[in-house]
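# A closer look at the structure
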Amino acid sequence: MTQPLQFFQYENGILSSENVSLATIAQKIGTPVYIYSAEGFLTPFREFSEGLSEFNHLICFALKSNSNLSILRLLAQEGAGMDLVSGGELYRAEKALVSAEKIVFSGVGKTAEEMQQGLNYHGTGIYSFNVESIPELKLLNEVALNMNRKAPVALRFNPDVDAKTHPYISTGLKKNKFGISKSEVLEVIRSLDQLKGIHLKGLSIHIGSQLLSLAPLDDAFGRLEELLCALDQKLKSPLEFIDLGGGIGITYRDEKTPPIQKYCKLIKKHFGKRLKAPSQLKILIEPGRTLSGNAGVLVSKIIYRKQRRSKDFLVIDAAMNDLIRPALYESYHEIVPIHEKHLLPKVKTNIVGPVCESSDCFASDRPFPAHADQGELVAILSAGAYGFSMSSTYNSRPRPAEVLIQKGRFQVIRSRETWEDLIRGED
Ligand code: LLP
């Protein structure tokens, strides 16, 4: 799985990607700035494609992890579909020209308007609504009937498996709000005849994010397999696809993460027979972080070194509004100076942002170059997933610019917000 510095390296002493120096970008575009490497997205995408090449498959990028239009286009051109969770994300997919038959719509709270939007997408409607509750299924049925349509549906099965990840991003336990139980799936199957607006096409699961072991997935896939067997006799027409969700972890520090090839082998172990002809069941997966996490960094400038008797604080110009993961999940992100010469020696440092909250802290007691000082640049690594997409304007801080490096050149793919952007729509 991807590493923090896999797509960014020191070249001539300056952190760069494809010979493009991050210092040059920061100088031209300003800081803080998110910088992505196109190869960073494409390399793991191609690895998944290769691992699943013997099957009829579709890789739906979980666009909540990074929803910039240029990134969506980059992946769509490579053949990716999209997994999305809101009308806004559907709007983005449409703008990025993602084809209808490559879109799945997940999420526990789809509204009637979002359902209509999904059914109207490109005239034909999206590939599947991954339905998470019986009331949702009933509403979707009504909405579809009112439009004289049948809504394509996968039922999201909650396998009651502990993903052993941060509780905020664990989704496959009975106590979580996601999906429906085996008995509810069977109940739905019994009532399908009354749901004339529903076309049941598949089953989906997603047990959590940043999984560091395949064991919980092994367990969940096993339970899905059992459910598929139970459905074999009960369904009038066979299912068209199964959607195995996302969740494979990446390395932020030194975690050992499951290799993509092993993950694909696990899929084969559980579903290989069903995926082969004649049943030709199609396989979908929804990786987010695996494709985007280590494809991006957040580059920031040191505003002050504030010396305290116990330790030094580096106050940088990025803050929790730009990248909330450390404040929200206490998650670890590697931080490195852009200029390699500053790497040594190191002292224990707290690296913090300017926002008025003590949680606005990117690293505590982190050994960090002692000579890094005012005006110098640092890169917060592994910031491509759930970085910009979770950013806000808290403390009235305009959101950073985003830049993409591709084929040895860089391009701004979202301009820095202005103060006018901050007050747009206010009287
Ligand atoms: N499919 C569904 C239905 C999901 O809910 C998610 C993520 C994914 C796929 C993609 O999961 P991934 O491959 O990225 O792990 N903000 C948190 C992560 C939240 C994940 C939510 N669901 C973070 O920064 O760690």
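Residues numbered from 1 in each chain as written. Predicted model: local features only at pLDDT ≥ 70, side-chain atom pairs only at ≥ 80, totals over all residues. Heavy atoms only, no water.

### Some thoughts on the site of the ligand
Convention followed: One heavy atom within 4 Å of a molecule or strand makes the whole residue count as near it. Each polar contact in these results corresponds to two N or O atoms within 3.5 Å; when the atoms are within protein, one needs to be able to donate a hydrogen and the other to accept it, and residues that are neighboring in sequence are counted only if both atoms are side-chain atoms. Per-residue accessibility takes into account occlusion by the displayed protein chains alone, with areas from the Shrake-Rupley method and a 1.4 Å probe. Gly is placed with the polar residues, together with every amino acid not listed as nonpolar (Ala, Val, Leu, Ile, Met, Phe, Trp, Tyr, Cys and Pro) or charged (Asp, Glu, Lys and Arg).
Taken together, 19 residues form the shell around the ligand, and within it Ser209, Glu286, Arg325, Tyr329 and Tyr386 come nearest. In this structure, an oxygen atom belonging to the ligand sits 2.9 Å away from a main-chain N or O atom of Gly288. At a separation of 2.6 Å, an oxygen atom of the ligand approaches a polar side-chain atom of Arg325. Summarising the interface, the protein chains cover 92% of the accessible area of the ligand, which totals 580 Å² for the free molecule. For the shell around the ligand, the residue count by class is six nonpolar, seven polar and six charged.

### Considering the sheet that holds strand S3 (residues 20-21)
What counts is decided by this rule: For two strands to pair, DSSP has to find at least two bridges joining them. Each helix is a run of DSSP H or I of at least 4 residues and each strand a run of E of at least 2, with the numbering of both proceeding from the N terminus.
If you walk across this open sheet you meet the three strands as S1-S2-S3, and the pairing is antiparallel. Looking along the sheet, the strands with just one partner apiece sit at the ends: strand S1 (9-11) and S3. One ladder, built from two bridges, connects strand S2 (residues 14-17) with S3; its direction is antiparallel. Its bridge partner lying in S3, Ser17 is registered against Val20.

### A few points about the packing of aromatic side chains
Let me state the cut-off plainly: The pairing test for Phe, Tyr and Trp rings, Trp by its six-membered ring, is centres within 6.5 Å, and the orientation test on the planes gives stacked under 30 degrees, edge-to-face over 60, and tilted for anything in between. Exposure is judged per residue with a 1.4 Å probe applied to protein chains only, and the accessible area is read against the type maximum: over 50% gives exposed, under 20% gives buried, and values in between give partly exposed.
Within the structure shown, the criterion is met by eight aromatic pairs. Seen from their ring centres, Phe221 and Tyr263 are 6.5 Å apart, and the 55 degrees between their planes marks the pair as tilted. Here Phe221 is found in helix H8 (residues 215-232), whereas its partner Tyr263 is found in helix H9 (residues 260-275), with 42 residues between them in sequence. On the basis of relative accessible area, Phe221 is assigned to the buried category, the value being 0%.

### Remarks on the domain arrangement of the protein chain
Put simply, the rule is: Residue ranges assigned to each domain were obtained from an automatic or database domain assignment. By buried area we mean the combined loss of accessible area, with a 1.4 Å probe, across both parts when two parts are placed together. Throughout this description, the term salt bridge denotes a Lys or Arg side-chain nitrogen within 4 Å of a carboxyl oxygen of Asp or Glu.
Under the domain assignment, the protein chain is made up of domain 1 (9-37 + 293-422) and domain 2 (99-287). Of the roughly 790 Å² buried at the junction of domain 1 and domain 2 (both faces included), carbon and sulfur atoms supply 57%. For the domain 1 face of the interface with domain 2, the top three residues by lost area are Asn294, Tyr329 and Tyr332, together amounting to 55%. At the junction of domain 1 with domain 2, the criterion picks out zero salt bridges. For the interface between domain 1 and domain 2, the tally reads one residue pair in polar contact (both at pLDDT 80 or more). Counted by class, the side of domain 1 that touches domain 2 contains four nonpolar, four polar and two charged residues.

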